[in-house]
Amino acid sequence: MSEAKVEDGKVVIFHYTLKNKEGEVLDSSDGTDPMPYLHGYNNIVPGLEEEMQGRKVGDSFEVEVVPEKGYGVRDKPVTNLPRAQFAEIPDLQPGMQLFTETPDGDLIPFFVSEITEEEVVIDFNHPLSDVTLCFAIEIVNIRDANEEEVAHGHPHGLDGTSGHGH
Ligand code: ZN
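As the structure is a computational prediction, the values presented were derived from the model and not from experiment. (Residues numbered from 1 in each chain as written. Predicted model: local features only at pLDDT ≥ 70, side-chain atom pairs only at ≥ 80, totals over all residues. Heavy atoms only, no water.)

Some words on the sheet that holds strand S8 (residues 119–123)
The cut-off we apply is this: Note: two strands are recorded as paired if DSSP finds a minimum of 2 bridges between them. The helix count covers DSSP runs of H or I at least four residues long, the strand count covers runs of E at least two residues long, and both are numbered beginning at the N terminus. Axis angles are defined between N-to-C directions and span 0 to 180 degrees, where every axis is a line fitted to C-alpha atoms and, for a helix, only to the segment in contact.
Strand order in this open sheet of four strands is S5-S8-S7-S6, and the pairing throughout is antiparallel. Strands at the two margins of the open sheet, each flanked by one partner only, are strand S5 (78–82) and strand S6 (97–101). For this sheet, the mean angle separating the axes of adjacent strands, direction not counted, is 40°.

Written out as structure tokens, the structure reads:
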């Protein structure tokens, strides 16, 4: 392997396990492909991206990320909407992430937190807001991003060739 280091414009491919402070596993790449991201483009939470800077292939480390540098604190609205407004959405279920569009065309994410007969409770906070994130990371590969990836601000798969229709 080369002496490639994690820096802006590199695609970093890593395995991860994410736990909360209580040690519960929240997410993991175990048993799946490692995850690629484009360094310097906010593809991952800021607290993890900072810790990635300057790392090399083969590095393993643990990092604890406070909510402010993770998925944020719970400061956004929770609201109830009539269920009829979701009639178009197939297979609506709690935990689902959906988007609403502002008049300017920005997409704002929200999460379905509860579904009753009449209403859907939606939450604009990320499900992992207020959670201190404990990551165990292993860096598997570091490569240069290609032009298209830099233009899009995200990686196209592990080798940069898996376009995704845009
Ligand atoms: Zn793309």
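Next comes the rest of the write-up.
Focus: the pairing of strand S1 (residues 10–19)
Let me state the cut-off plainly: Buried means the residue's accessible area, taken with a 1.4 Å probe over protein chains only, is under 20% of the maximum for its type, while exposed means over 50%, and partly exposed covers the values in between.
Buried residues dominate S1, accounting for eight of its 10 residues. Summarising the sheet, S1 and strand S9 (residues 133–144) pair through 10 bridges and their orientation is antiparallel. By the bridge assignment, Ile13 is partnered in S9 with Asn141. In the sheet, S1 pairs with strand S3 (residues 35–38) via four bridges, with the strands oriented antiparallel. Looking at S3, one finds that Phe14 is bridged to Met35. Two strands pair when backbone bridges link them, and S1 and strand S2 (residues 25–28) are joined in this way by three bridges, in the antiparallel orientation.

Side note on the pairing of strand S4 (residues 60–65)
Here S4 shows a clear split, with Phe61, Val63 and Val65 buried on one side and none of Ser60, Glu62 and Glu64 buried on the other. Pairing of S4 with S9 involves six bridges; the strand directions are antiparallel. Directly across from Glu64, in S9, lies its bridge partner Cys134.

Description of the pattern of salt bridges
We count it as follows: Throughout this description, the term salt bridge denotes a Lys or Arg side-chain nitrogen within 4 Å of a carboxyl oxygen of Asp or Glu.
A full pass over the atoms with the stated rule returns eight salt bridges. As a salt-bridge pair, Lys21 and Glu64 come within 3.0 Å of each other at their nearest N and O atoms. Placement of the pair is Lys21 in the loop between S1 and S2 and Glu64 in strand S4, with a sequence separation of 43 residues.

Re the layout of surface pockets
Taking a probe equal in size to a water molecule and rolling it over the atoms shows the remaining empty space. To keep it simple, the criterion reads: Think of a 1 Å grid over just the protein atoms. A cavity is a set of points where a 1.4 Å probe fits yet cannot get out, a pocket is an open set with protein on both sides within 12 Å along at least five of seven lines, and lining residues have an atom within 4 Å of a point. Grid points are joined across faces, edges and corners, and a volume is the space filled by probe spheres set on the points. Note on residue classes: Ala, Val, Leu, Ile, Met, Phe, Trp, Tyr, Cys and Pro are nonpolar, Asp, Glu, Lys and Arg are charged, and everything else, Gly too, is polar.
Each pocket or cavity is described by its volume, and for the largest pocket that value is around 270 Å³. In terms of lining, the largest pocket is formed by 13 residues, of which the most central are Tyr16, Asp27, Met35, Tyr71 and Phe135. Of all the elements, S1 adds the most residues to the lining of the largest pocket, at three residues. Here the lining of the largest pocket is composed, by residue class, of 11 nonpolar, one polar and one charged. Taken as a whole, the second largest pocket spans an internal volume of roughly 150 Å³. If you trace the second largest pocket, you find it lined by Val45, Gly70, Tyr71 and His126. Partitioning the lining of the second largest pocket into residue classes produces two nonpolar, two polar and no charged.

Side note on unusual backbone geometry
One non-glycine residue with positive phi stands out, namely Asn42, at about 55°. Tracing the backbone through its elements, the reader meets Asn42 in the loop between S3 and helix H1 (46–52). According to the relative accessible area criterion, Asn42 is exposed, its value standing at 65%.

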